[in-house]
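Commentary on secondary and tertiary structure
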Amino acid sequence: MSYPFNVRVYGILMDENRNVLVSDELIKGKYITKFPGGGLEFGEGTIDAIKREMMEETNTEIEVIEHFYTTDFFQVSAFNPQAQVISIYYLIKALSPVQVPIKQKPFDFDEVKEGAISFRQIPLSTISEEQFTFPIDKKVAELLRERFQK
């Protein structure tokens, strides 16, 4: 039996004040906090995917600075128990100001409906695993803290 892999790409966008952009989303009835990004599409590379995802979600052109992390443990998909998730995270920089409103509180949607998304920033100095929904994002929050809070 063969099981599908779900490859995801995410961007870690820090501003000059070391605030990290996160997205709050309503997906399949669940309130989720994660890093901006999404699924790799057939025929595209991971860097092209994160550039596309950031343009789709934030209308912002980005540059990839460096690879930050790729999932190194087994993670079943939260939405498909028959799929394994592999997530790739990049440190990115915006080539222009982020083109979406930055909210101050979690899940501050303009309209609460399936697919709703809002963005906010978390200061790097206070980032923690508890602020994120998915296990891989929690791991990335821990790695960010370890790398940048020294």
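Worth saying up front: this structure is predicted, and the values here are computed from it rather than measured. (Residues numbered from 1 in each chain as written. Predicted model: local features only at pLDDT ≥ 70, side-chain atom pairs only at ≥ 80, totals over all residues. Heavy atoms only, no water.)

Attention now goes to the environment of Thr71. Note that Thr71 resides in the loop between strand E5 (62-70) and strand E6 (84-94). Here Thr71 falls in the buried class, since its relative accessible area comes to 13%. For Thr71 and Leu13, which are 58 residues apart along the polypeptide, the C-alpha to C-alpha distance reads 19 Å. Discounting chain neighbours no more than four positions away, the residues touching Thr71 are Val85, Ile86, Ser87 and Ile136. Here Ser87 takes part through its backbone nitrogen, which lies 2.8 Å from a polar atom of the side chain of Thr71. (Helix = DSSP H or I, 4+ residues; strand = E, 2+ residues; numbered from the N terminus. Buried < 20%, exposed > 50% of the residue type's maximum accessible area, 1.4 Å probe, protein only. Contact = heavy atoms within 4.5 Å. Polar contact = N/O pair within 3.5 Å; in protein donor to acceptor, adjacent residues only side chain to side chain.)

The next point concerns the sheet that holds strand E3 (residues 30-34). The four strands lie next to each other as E3-E2-E8-E7, forming an open sheet whose pairing is mixed. The sheet terminates laterally at E3 and strand E7 (102-103), the two strands that pair on one side only. Examined bridge by bridge, E7 and strand E8 (residues 117-123) share two bridges and lie parallel to one another. In the sheet register, Lys103 faces E8, and the bridge partner there is Arg120. (Pairing = 2+ DSSP bridges.)

With that settled, the discussion passes to the pattern of salt bridges. For the coordinates displayed, the defined rule picks out ten salt bridges. Residues Arg52 and Glu44 are paired through a salt bridge, measuring 2.6 Å at the closest nitrogen-oxygen approach. Here Glu53 and Arg52 are joined by a salt bridge, their closest N and O atoms 3.1 Å apart. For the pair Glu53 and Arg52, one class covers both residues: buried. (Salt bridge = Lys/Arg side-chain N within 4 Å of Asp/Glu carboxyl O.)

Examined bridge by bridge, strand E1 (residues 5-13) and E6 share nine bridges and lie parallel to one another. Residue pairing in the sheet places Gly11 in a bridge with Tyr90 of E6.

A few words on the environment of Lys103. Take Lys103: it is sitting in strand E7. By relative accessible area, which is 16% here, Lys103 ends up buried. Leave out the neighbours within four places in its chain, and Lys103 touches Asp108, Phe109, Asp110, Ser118, Phe119, Arg120 and Gln121.

Structural measurements only, silent on function.
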